[in-house]
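Examining the three-dimensional arrangement
Residues per chain, in single letters:
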Amino acid sequence: MADILRTTHATIARLDEVTIRIEFDADCTIDVKDLEENLDAYRALMGDRKFYLLTVFNEGITHTLEVRKQWLRKKRSEFKLGEAFVISSLAHRLIADFIMRVTPPKHPLRYFSSEKSALAWLKSLRKRDKSA
């Protein structure tokens, strides 16, 4: 089994036994079909195990309203132990802040401007979860 998979608009990699990294291509539009394709890739890499997710958004990414609704559904969060988004765009940050205030996720989730900070936070969640 490969530790890196390619979908239509993203590269998905298993970083370790409990962490996946997804990086979306720059200048793409994400739709529901893409979400389903990514979910299939997660399952191919991790099986039915829950995991931590590092999501990297590059510049120029857009997504449909239906995608935003899908991200809020239980099906999209039940497999996540925690999620860190790396966002560099001000527009994406504003949307993310709004969504977090209106419909907070059921799993730990934070937004970062650097991948290094995001990974450090996910690592801290893992330590916390191990000690619980």
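The rules behind the values
- Residues numbered from 1 in each chain as written.
- Predicted model: local features only at pLDDT ≥ 70, side-chain atom pairs only at ≥ 80, totals over all residues.
- Heavy atoms only, no water.
- Buried < 20%, exposed > 50% of the residue type's maximum accessible area, 1.4 Å probe, protein only.
- Helix = DSSP H or I, 4+ residues; strand = E, 2+ residues; numbered from the N terminus.
- Pairing = 2+ DSSP bridges.
- 1 Å grid on protein atoms, 1.4 Å probe; cavity = no way out; pocket = protein on both sides within 12 Å on 5 of 7 lines; lining within 4 Å.
- Points joined across faces, edges and corners; volume = space filled by probe spheres on them.
- Axes fitted to C-alpha atoms, helices over the stretch in contact; angles between N-to-C directions.
- Phe/Tyr/Trp six-rings, centres within 6.5 Å; stacked < 30°, edge-to-face > 60°.

Another point: the pairing of strand β3 (residues 19–24). Across a regular strand the side chains alternate sides, sitting on one face of the sheet and then on the other. Among the 6 residues of β3, 5 are classified as buried, and the element is accordingly described as predominantly covered. Bridging between strand β2 (residues 10–16) and β3 involves 6 bridges; their strand directions are antiparallel. Its bridge partner lying in β3, Thr11 is registered against Glu23. Linking β2 back to β3 in an antiparallel pair, the connection comprises 2 residues. Pairing geometry for β3 and strand β5 (residues 51–56), over 5 bridges, is parallel. In the strand pairing of β5, Glu23 is matched with Val56.

As a further point, take the environment of Phe24. Tracing the sequence through the fold places Phe24 in strand β3. Note: C-alpha distance between Phe24 and Thr55 (31 residues apart in sequence) is 7.9 Å.

Let us now look at empty space enclosed by the protein. Take a probe with the size of a water molecule and roll it over the atoms, and the empty space left behind shows itself. For the structure shown, the criterion picks out 1 cavity of 30 Å³ or more. By volume, the largest cavity is sized at about 70 Å³. Along its surface, the largest cavity is lined by 12 residues, and Tyr42, Leu53, Thr55, Trp71 and Glu83 are the ones closest to its centre. Elements that contribute at least two residues to the lining of the largest cavity include exactly β3, α1 (32–46), β5 and β7 (80–86).

For the rest of this paragraph, the subject is the sheet that holds β3. The strand order β1-β2-β3-β5-β7-β8 describes an open sheet built from 6 strands, whose pairing is mixed. Of all strands in the sheet, those with a lone pairing partner are β1 (4–6) and β8 (109–112), marking the two edges. Across the sheet, the mean angle from the axis of one strand to that of its neighbour is 15°, orientation sign disregarded. With 6 bridges joining them, β5 and β7 adopt parallel strand pairing. Looking across to β7, one finds that Leu54 is bridged to Ala84.

Below, the discussion takes up the packing of aromatic side chains. Following the criterion strictly, the structure yields 7 aromatic pairs and no others. Geometrically, the ring pair formed by Phe51 and Phe79 is tilted, given 5.3 Å between the ring centres and 35° between the ring planes. Of this pair, Phe51 sits in strand β5 while Phe79 sits in the loop between α3 (74–77) and β7, placing them 28 residues apart in sequence. Phe51 gets classed as buried once you look at its relative accessible area, which sits at 0%.

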